[in-house]
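Fold and geometry: a report
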2 protein chains.
Amino acid sequence: TRGRVTLVGAGPGDPELLTLKGLRALTSADVVLFDDLVPAAVIDLARREATRVNVGKRGYAPSVAQSEITALLVALGKEGRNVVRLKGGDPSIFGRANEEIRAIREAGLEVEVVPGVTAALAAAAALGVSLTNRDTARRVQFVTAHTSDGKFPEDLDWRALADARATTAVYMGNRTLPELSRRLVAEGLDPATPAVLIERASTPQQRVIAATIAGLPEKTAQETLIGPCLVLIGATLGG
Amino acid sequence: TRGRVTLVGAGPGDPELLTLKGLRALTSADVVLFDDLVPAAVIDLARREATRVNVGKRGYAPSVAQSEITALLVALGKEGRNVVRLKGGDPSIFGRANEEIRAIREAGLEVEVVPGVTAALAAAAALGVSLTNRDTARRVQFVTAHTSDGKFPEDLDWRALADARATTAVYMGNRTLPELSRRLVAEGLDPATPAVLIERASTPQQRVIAATIAGLPEKTAQETLIGPCLVLIGATLGG
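Residues numbered from 1 in each chain as written. Chains lettered and ligands numbered in written order. Predicted model: local features only at pLDDT ≥ 70, side-chain atom pairs only at ≥ 80, totals over all residues. Heavy atoms only, no water.

Residue and element names in this part refer to chain B. Here helix α3 (residues 66–78) crosses helix α4 (residues 97–106) at 40°, and the two axes come no closer than 9 Å. By the angle between their directions, the pair α3 and α4 is classed as oblique. As for the relative orientation of α3 and α4, their crossing is right-handed in sense. Here Gln-66, Ile-69, Thr-70, Leu-73 and Val-74 of α3 come into contact with α4, specifically with Glu-99, Glu-100, Ala-103 and Ile-104. Across the contact of α3 with α4, the residue classes tally to 5 nonpolar, 2 polar and 2 charged. (Axes fitted to C-alpha atoms, helices over the stretch in contact; angles between N-to-C directions. Helix = DSSP H or I, 4+ residues; strand = E, 2+ residues; numbered from the N terminus. Parallel < 35°, antiparallel > 145°, perpendicular 65-115°, else oblique. Left-handed = near helix turned anticlockwise from the far one by under 90°. Contact = heavy atoms within 4.5 Å. Nonpolar A, V, L, I, M, F, W, Y, C, P; charged D, E, K, R; others polar.)

Between the two copies, chain B and chain A, the superposition gives an RMSD of 0.0 Å; the rotation angle is 180° and the shift along the axis is 0.0 Å. Look at the turn and shift together and you get a two-fold axis relating the two. Both copies present the same face, since 100% of the interface residues in chain B are matched by interface residues at the equivalent positions in chain A. (Least-squares fit on C-alpha atoms with pLDDT ≥ 70 in both.)

Throughout the structure, instances matching the rule amount to 42 salt bridges over all chains. Residues B:Arg47 and B:Asp30 are paired through a salt bridge, measuring 3.4 Å at the closest nitrogen-oxygen approach. One end of the pair, B:Arg47, is in the loop between α2 (40–43) and β3 (51–54); the other, B:Asp30, is in the loop between α1 (20–27) and β2 (31–34), with 17 residues separating them in the sequence. With relative accessibility at 29%, the residue B:Arg47 sits in the partly exposed group. Overlapping salt bridges bring together A:Arg4, A:Lys21, A:Glu110, A:Glu112 and B:Asp14 as one network. (Salt bridge = Lys/Arg side-chain N within 4 Å of Asp/Glu carboxyl O. Buried < 20%, exposed > 50% of the residue type's maximum accessible area, 1.4 Å probe, protein only.)

Reading across from one edge, β9(A)-β8(A)-β10(A)-β7(A)-β6(A)-β6(B)-β7(B)-β10(B)-β8(B)-β9(B) is the order of the 10 strands in this open sheet, with mixed pairing throughout. Here the strands that pair on one side only, and so sit at the sheet edges, are β9 (207–212) of chain A together with β9 (207–212) of chain B. The sheet shows a mean angle of 15° between the axes of neighbouring strands, direction not considered. The pairing of strand β7 (residues 166–171) of chain A with strand β10 (residues 229–233) of chain A spans 4 bridges and is antiparallel. Each residue of the ladder has a partner; that of A:Thr168, found in β10(A), is A:Ile233. Sitting on the sheet, helix α5 (residues 119–127) of chain A is in contact with β6 (139–144), β7, β8 (194–199), β9 and β10 of chain A, with an inclination near 70° to β10(A). Helix α5 (residues 119–127) of chain B rests against β6 (139–144), β7 (166–171), β8 (194–199), β9 and β10 (229–233) of chain B of the sheet, and its axis sits at about 70° to β10(B). (Pairing = 2+ DSSP bridges.)

Moving on to the domain arrangement of chain A. How big an interface is tends to be expressed through the accessible area that disappears when the partners come together. Residue and element names in this part refer to chain A. For chain A, the assigned domains are domain 1 (4–114) and domain 2 (119–238). Spacing between the C-alpha centres of domain 1 and domain 2 amounts to 27 Å. Counting residues at the interface gives 9 residues for domain 1 and 14 residues for domain 2. Buried area between domain 1 and domain 2, both sides added, is near 1,000 Å², and the carbon and sulfur share of it is 74%. Seen at the junction of domain 1 and domain 2, the total is 0 salt bridges. Among the residues forming the side of domain 1 that touches domain 2, the class breakdown is 6 nonpolar, 2 polar and 1 charged. (Domains from an automatic or database assignment. Buried area = accessible area lost by both parts, 1.4 Å probe.)

Below is the structure:
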């Protein structure tokens, strides 16, 4: 029998933010591959008999190389297993889904993608704010605050990011926050623009640090942040 | 007893893309308010006894004014009802959630927001593509292709939208597609950039029209499109 591989967005942290379709895929999987951004409570929803494989950290220092994860997905699929690849948030947003999808298809296997709630949407919901506003925020943009080697991404379109009429969500936004803040203000963003850092959005451990884009780095430096952090920036956060 | 109002993202169309938390809110609601972008199959998940209120079209021509919807939410909450306000996709993305949240809070009522899968994520999943790419697409942006009065939004940051290193999702992207295509190319976007229109993403009626940003308007003009349309633009769609 032919195996199949399903990429499933595990959502932002709260296991209740998994979709019904994601749950269905998970409860029929033979093997579940996940990384450290996937909530443990979501992995727990898989069948007891399912094999669970931790393929390590996403973000700074992968403990398993992407090429090995991809090879494993293909090998398991070829063995005829029903494989679920769980990804934190949504697979299409900063999840390297394209590399996995291409390899699976090239191996002649079927691949399906189940979308999920990405962190920016969960953060907005937790804060009770809208990322768009008919008057003040008609463009929303998502970026990560570091390059693949963990450095500050100098080559992003900073003018687009400093647009006062957009809302910006910065994934993995903690480590390079001082550079981010300085750069946005240097590019013309009002230093008084509301900015919020949210650690572990949608979980019981959620922490919110609200300030201005100029003030957020100092306020954040006083906290010990260990979970995934998202930074939201824009006038719409002011209510 | 105090009523409560919960804004719930109904997801992009497939009722299976509702979250577990959204389903829970829906199955405990006394009253469900929804608009035309909410999938009928999601509304069907509410209790049989629940009152269902269609508050009309979102997008071009609201049949019920936003101020009336907001007033209704507040009035029902004050009556002590458990009210769910269903919004297509995710409440924080082009859903005017901020106006409803503010009014509910000002009335002294509790409001909770349950995020959902927004159309751009469902479209990416359906196409089996990633919206980000470590090399070619490190910024993702969402806009709507019309202003509140249905016109082409001349005053968006078009330079940001024409950035070859971003992926752009245009909500309600059908009606003004010729202007959009012309403007992006005029601002410097390569006419050969991959562009895809997806009608009713994630539903059995889903339709995909793939072309380049220069060619998409003509290819789309040959089709009769009646459902919600999303346009994705960017090199990452090329695989």
